[in-house]
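Architecture at a glance
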Amino acid sequence: MLLPVVLWGPHPPSHTVSYLFLTRDDKDLISGSVEGQLLVYNVFSSGIVPRCFLVGHSNEIVGIDQIVSGLNINIVSASCNGEIYKWDITDGSLVISTSMQGPLIKLITLPSSQNILVCGQYGAMTVLNSDSLDVAHVLVPSDPTHWILCCTIYQPPKSKDEEVVSMTVNGQVKTWNLQFGTQERQLLESETKILSCPRPVSLTYNPKSLYNCLIVCEDNWRIYRAGDFVLLCSDSSQNDVTWQNGAFYSVDKVALWKENGLLSIYKLPPRAIHPVDHTDTNWTADPAICLLTIETGPQMSCIFNYRRSKRTPDHIFIRGDKCGKVSLWKADKDIITNGLGNNLTCCVADTWPKNTPSIVQQLCKDCDISFDITASVALEPLSFIACGVASGDIVIGTTHFLILSALFRPDNTGSMYKILRGHKCNVTALLFPHSQQPDAYSQSILYSGGADFCVKIWDWEKETLLQTFTIHSGPVIKLILPSANATGRLRGSVISICEDNTIAITKSNENSVLFVGCSHHTTVLDIRWRLAEDIMIVHCIDDTVYVWGLSTGHLDRVESGAVGLSIISASDMSIGDQQLFKISHPGVTFPKQTTGLSIVPFRFGINDSVSHIVLFDTELILHLLSQIQGQHVSEDNHSYIHPKNNAINFEMLRKRVVARSESKIADRKTSILKETETAKLLEDRCVTLNVATESIDVTDAAGQMNVKNQDSSEELINRSDAIKQTCSLLLSCLHAWGVDINIDRTCLKHLGLFSPLDPISYGTVSSNSTFMLLLPHWEKRIEDHTPETIHSPFGRWCISSTLTTQHLLSVSALANKQMSTDLTITFNNHIRNLAYNKDTSSDREEFLRQSINESEKKAGWSHVTALHCIVLPEHVPTGYCAPLLTNLAVKWQDRCMEVREASQALFLRELRRIGFAGRQHLVNQWYPYVVRKRERVLPEQLERTISIELPKVPEYFDKFINIPSKSSSSVSLEDEETPADAYSMAVIILGVIVAEFPDEVEQEKSKTISHERKEALKSSFLLTQDMLKMVAAHLFSQLTQPPSQLHLHSPIRRASVDLIGRGFGIWCDFMNLTAVLITLLELQSDPMVPIEIKKAIAQSGTIPSSGSKARMAAAATVRAAYQASILIANSKPQQTINAISKEIMTFKCDVEAGLSIQSLSMFPSSYHAVLDRGRYPIYLLVQNVIEKTKARELSTIIVKITEIMLFCIDTEQFKTRTLSELVPALTKNPLIDYCGNTQQVAVGSNEGLIHIFDIRNSKCVPLHAHNGPTSVVSFSSNGRILVTFSEREGKVSIWQSSSGLLSLPSSWSISTAPLKLLRVVDTLPPLKQGTKSPFFKWETNKLITLHLSDGTKKSFAV
């Protein structure tokens, strides 16, 4: 989850308008640029406000159109190099993208199907599906040798069929019939006609009459009759300025405009308006009359567009200039009299705030140097950044300090930066080679190129200039490295590219120039190598290929066309994926993040100042904070932590201190008591450490601890500080400042956050490394044009649902993590002092003061979490963009605990906020996706025994989640490349509603009411029984799908597992409990997850913060399956125990029959392999049932519980440990007793039977002891006597082994039981069961005392 923050700088980026488009609701204006960016404007009645850049294309925008898709405004854009992107401009995110082979010219949306028609510099045209951007149809021409320059759509009235009409470069008109709903992939040309219109610019039909069409060429325009293309009217340009486009203004008027922005309105002759007799061949075309010519602005090269408003009768004209200025006019019908009307104008450069911060602007003010950044490079992984400025200086500072000074602190309070001076003018290129090839270059070396024609080499750590190369005849525009596999002379060298396309290779350690090539006529696009032949291949932007011999320095060959392409394809490798000629796409490469923070320099135009995108990786920051927490615990705590509950063992800590101070015990008695009181104080405050069991390093009794050396400790401290600073910066950027003043004060005073000086320019990252970047101060500018003022504290939450989702998730997750991390580290410091006897009275006072401060911090972080998770929507006045439920659904079972908890809290908050009506709307919206997949899962599958197969060598990796809008056909999953459609999202959303709002669904008990009453209540249910059955079937399908169809550790599967557990009280009517339990047990038995991690999951619910992504994803799946099985067992304890006991009994019978587990696992309906692997998960599940189930309910299943536990425990364990040590909760029950001498377990039941389990031969024999429920059983110490008591019957039975010991032979049965009933004591009256359980106490082997539930005692002799 990457969160970008933009530091634009004081100068706006260049935006040379190449295309203009106004959405159908007239509220959003989108301008495409030559640089490849889309600029989105808000259009108001009083003005135009630029909102954000959509950054993704790498070349000029040639087409923009809108796709009608529900409430969201989806547009599709195309660049001249074949890139086609579909955007959701309401949300600012990329929905889906594709790429075409060859340059594009035109893009149109078909009105009926909403599919996309594209044409380019090739003969055929392509129709793309609007949802997936896959090729739906290919329009094949009869003669593909001529390019198609323009096209339009002709649709007859009251028909969904469409006719595609196009014109080629030589004036041919080609048509294709596109029938609505056709599935044919290739459509042949239906008609061709040759016109005398060379190089046409546009083709437009009259939308009112469909009788005539307008064809605009560069030097003339003509009106033809539709169908037979008979010429009706024509006119030519009066000067050398060419026509750009035109359209029908009305039935009898056309509007045409030239490239210099000159707009003309022409009156058509009568014959060009009304139908004429096509058989009359004597008539000639009449000239048109120019009614009006308007200068729309300065006569310069511009882009013009026109369309009729869909909401009003206005005619809308739009103009865009090279400087980025856009103008909009709304004219009425009488344009001749009233003109164009009011002009709404906006220019980004004119409205750009001059105080927009750059990353070094504050430092440059202090040092009195230019703050126009001309080059920038991140010194990763050292957390530094170097910026070259227009004055020739290079400013180097720590990343955190520069961001802090730019966004939060107006004054420079320290000297945490360096300045390198040496260039005489602009620094145009910077390179830090160590970040790309650390083995070949030192981390202290920095390369720079300038407009003074020099390449300089610096030791930036010592602030010294090492070498200067003056080998170019122009400014150095790029510095790159050779291939990483380069050897010999190329290893350790640097390639510099000049503005005149000269290439030079220099080597610093030899102080020599290896190569200079200066014969390239166009911009260098790529450099490739043939290392074995010592050849360098230069690919230029005009597809010319230059082959250089590096050893001789001679130009061997110059090729182009197919030969040049074959040379490029035969080369070994390229320099990488960096763009050499411009930096137009900031998402090309992301620097490697070591602290969760990185800076990406970018600029749109080659002459722009460099701006920066600060990228925060929330999940990486959480992961690093977990590592810090784990390192502190593993280094400091050791045996001070109880392995069971991960809490501080204060008693052991006290004994350790006493043992280490044995020589001074008398003098330190008071100090020890105070230490114990302090420990008790923290224990009362419930200070616990959230650590995994595998991070515990238990030391020996002498208390020897492993202490790292001083250097590694300092390195850990520095890295920890950098990670904490990153977390503080991110929270300072994301916190909702101004919403709650009291929380703001707490953040500034106690939590270490900083208040931003000005509104921050946020952004979002979509797939394909595309960005939505907000412009600076857009909230302030929009206030002047909206009737309902959007105040700056709330403006951010009214921009984009994706932005709201990411920010709320990040703030909530980081705030929760900060709470536990701060408390952990503070308490660990106190433990370290106690362990090394460094505590003094002042230290203790300081610790108490810190503990109070930490309590305030904890309360502050809690308030921050509550503000963003609960009360924020109540503070936003209007226009709140709610979080996306699809994003939260995928994060519902994220492997990161903090992200998972935050997403669940936000999801449930949204469901409660929208109320019953909103939840009903969600059900109506998402349930159809489940119905459409009915054939995928049949309800009969619920009764089958389905088991998934665990892979032997899994190689699964969690990946970045990006969820497009629901209109997209697929979304990316976290753990795999396999797409998940809206069906998976629907199952999760409906599952959450059912699990969290069970009272709003129709449950089984509601069927008992009358039919009339049921029909009356049907409207009060969100889901009916039939709908619940369908959702349950699909949840079960996602749970049991094989890894070939759904990734084994996918978050979708984990969410299904969790929702089945949460709502099993409702799902139980539609699911096979045994199949669900066995599948969950199999997921918990994943061999990829070690037993230590499984123990940690059972004890604290945590998974390791380090390790491979595959193991972390597997651990998250194990955790979800464990928690779901626990929830199922808590809701249905008896059914759970009965189901497991039945399968174990079948397993034992089959094993006794001589069948092996391998042979049993061959049967599809067999669970034996799962039971054999899942002994430990079963043990944990049953242990939880024992602890959570009430005693009265537990007594009905205690025999089966004992049988299951003995199945799970290895019999070898009983040789060294007792049953009370292995299962403490089980032996606390008075119905169970264990004899270690005989390894026998006696269990009483409600039927009056006593079950004797022999652990050595796995036998069980029932004895009839009482006519009522058994209350207590007890063995004598030697195992020869067994005493039982029934409180309801009022009898005590005393049994003795006839053979001396209760040794059960393998052939023993009830009829041959070697147990002798000595006597029955029935003098006690039948008693009612009390609040306390009765128990036996053996005084000697022949005397026993019975303690009754009412407190009385009675002794017996045996």
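It should be noted that the structure appears before, not after, this text.
A short tour of the structure in this document, coming up.

The rules behind these values
- Per chain, the residues get numbers from 1 upward, laid out in the order the sequence is written.
- For this predicted model, a pLDDT threshold of at least 70 governs which residues receive local features, and a threshold of 80 or more governs which side-chain atom pairs are given and counted, while totals over whole chains, interfaces and linings are taken from all residues.
- Side-chain calculation: all heavy atoms of the structure are included, whereas hydrogens and water are not.
- The helix and strand labels rest on DSSP assignments: H or I over at least four residues marks a helix, E over at least two residues marks a strand, and numbering proceeds from the N terminus.
- Note on definitions: a residue-residue contact is assigned when non-hydrogen atoms from the two residues lie within 4.5 Å.
- Under the convention used here, a 1.4 Å probe and the Shrake-Rupley method define accessible areas, while residue burial counts only the protein chains that appear.
- Between any two strands, at least two bridges found by DSSP are needed for them to pair.
- To obtain an axis, a line is fitted to C-alpha atoms, over the contacting stretch when the element is a helix, and the angle between two such axes runs from 0 to 180 degrees between their N-to-C directions.
- Exposed residues in this analysis have more than 50% of their type's maximum accessible area, buried residues have under 20%, and partly exposed residues fall in between, with area computed by a 1.4 Å probe over protein chains only.
- What qualifies as a polar contact is a pair of N or O atoms within 3.5 Å, subject to a donor-acceptor requirement within protein and to the restriction that residues adjacent in sequence count only when both atoms come from side chains.
- Two rings from Phe, Tyr or Trp (for Trp, the six-membered ring) form a pair when their centres sit within 6.5 Å of each other. Planes less than 30 degrees apart are called stacked, planes more than 60 degrees apart edge-to-face, and all others tilted.
- For a lysine, the NZ atom is tested; for an arginine, the CZ atom; a charge sits over a ring if that atom is within 6 Å of the ring centre and within 35 degrees of the ring normal.
- A side-chain nitrogen of Lys or Arg and a carboxyl oxygen of Asp or Glu constitute a salt bridge if their distance falls within 4 Å.

1. A look at the overall build of the protein
Looking only at helices and strands, the protein features 32 helices and 63 strands. If you take every contact in the protein between residues at least 6 apart in sequence, the share linking residues at least 24 apart comes to 58%. For the protein, the accessible surface area stands at approximately 55,500 Å², while carbon and sulfur atoms represent 51% of it.

2. Details of the sheet that holds strand S51 (residues 761-765)
Taken in spatial order, the nine strands line up as S2-S3-S4-S5-S52-S51-S1-S50-S49 in an open sheet, and their pairing is antiparallel. Of all strands in the sheet, those bounded by a partner on one side alone are strand S2 (17-22) and strand S49 (597-602). Taken over all neighbouring pairs, the strand axes of this sheet differ in orientation by 25° on average, direction set aside. Looking at chain direction, strand S5 (residues 48-55) and strand S52 (residues 771-774) are connected through four bridges and run antiparallel. Paired with valine 55 across the strands is phenylalanine 771, a residue of S52.

3. Here we look at the sheet that holds strand S10 (residues 104-109)
An order of S10-S11-S12-S13-S17 is seen for the five strands of this open sheet, with the pairing classed as mixed. Two strands bound the open sheet, and with one partner strand each, they are S10 and strand S17 (186-188). Each neighbouring strand pair of the sheet contributes to a mean axis angle of 20°, computed without reference to strand direction.

4. As for unusual backbone geometry
With a phi close to 60°, aspartate 534 is a non-glycine residue in the positive phi region. Its location among the elements puts aspartate 534 in the loop between strand S44 (524-530) and strand S45 (535-540). Residue class for aspartate 534 comes out partly exposed when judged on its relative accessible area of 27%. A positive phi angle, close to 55°, is found at glutamine 1239, a residue other than glycine. Summarising the element assignment, glutamine 1239 is placed in the loop between strand S53 (1232-1235) and strand S54 (1240-1244).

5. Thoughts on the side chain of glutamate 83
Positionally, glutamate 83 belongs in strand S8 (residues 83-88). Here the side chain of glutamate 83 touches histidine 57 through a polar contact of 3.3 Å, side chain to side chain. Ignoring sequence-local partners within four residues, the contact set of glutamate 83 consists of Gly56, His57, Ser58, Ser77, Ala78, Thr98, Ser99 and Leu104.

6. Section: the packing of aromatic side chains
Within the structure shown, the criterion is met by 24 aromatic pairs. Look at tyrosine 85 and tryptophan 87: their rings are 5.8 Å apart centre to centre, the planes differ by 65°, and that puts the pair in the edge-to-face class. Taken as a pair, tyrosine 85 and tryptophan 87 share a single burial class, namely buried. Note on tyrosine 1176 and tyrosine 1179: the rings are 6.3 Å apart at their centroids and 20° apart in plane angle, and the pair reads as stacked. With tyrosine 1176 and tyrosine 1179 both in helix H28 (residues 1175-1188), this residue pair falls three residues apart, about one helical turn. In textbook terms, an aromatic cluster arises when at least three aromatic residues are bridged by ring pairs, as seen for Tyr249, Trp257, Phe304, Tyr306, Phe317 and Trp329. Lying across the ring of tryptophan 243, lysine 258 places its NZ or CZ 4.9 Å from the centre.

7. Points about the pattern of salt bridges
Applying the stated criterion across every chain yields a total of 22 salt bridges. Of the charged contacts in the structure, one is a salt bridge between arginine 199 and glutamate 218, with a shortest N-O distance of 3.7 Å. Taken together, the positions of arginine 199 in the loop between strand S18 (191-194) and strand S19 (200-205) and glutamate 218 in the loop between strand S20 (212-217) and strand S21 (220-225) put the pair 19 residues apart, joining distant regions of the chain. Taking relative accessible area as the criterion, glutamate 218 reaches 36% and is therefore assigned partly exposed. For arginine 557, the salt bridge goes to glutamate 559, with nearest N and O atoms at 3.3 Å.

8. Things to note about the pairing of strand S62 (residues 1343-1347)
The side chains of a regular strand alternate between both faces of the sheet. Burial within S62 is extensive, with four of its five residues counted as buried. As paired elements, strand S61 (residues 1335-1340) and S62 share five bridges and run antiparallel to each other. If you follow lysine 1337 over to S62, its bridge partner there is threonine 1345. Taking the residues between adjacent antiparallel strands as the criterion, S61 and S62 are bridged by two residues. Sheet topology note: the S62/strand S63 (residues 1353-1357) ladder contains five bridges and is antiparallel. Across the sheet, the residue bridging to leucine 1343 is alanine 1357, located in S63. Where S62 hands over to S63, the hairpin turn is made up of five residues, of which glycine 1351 adopts a positive phi near 100°.

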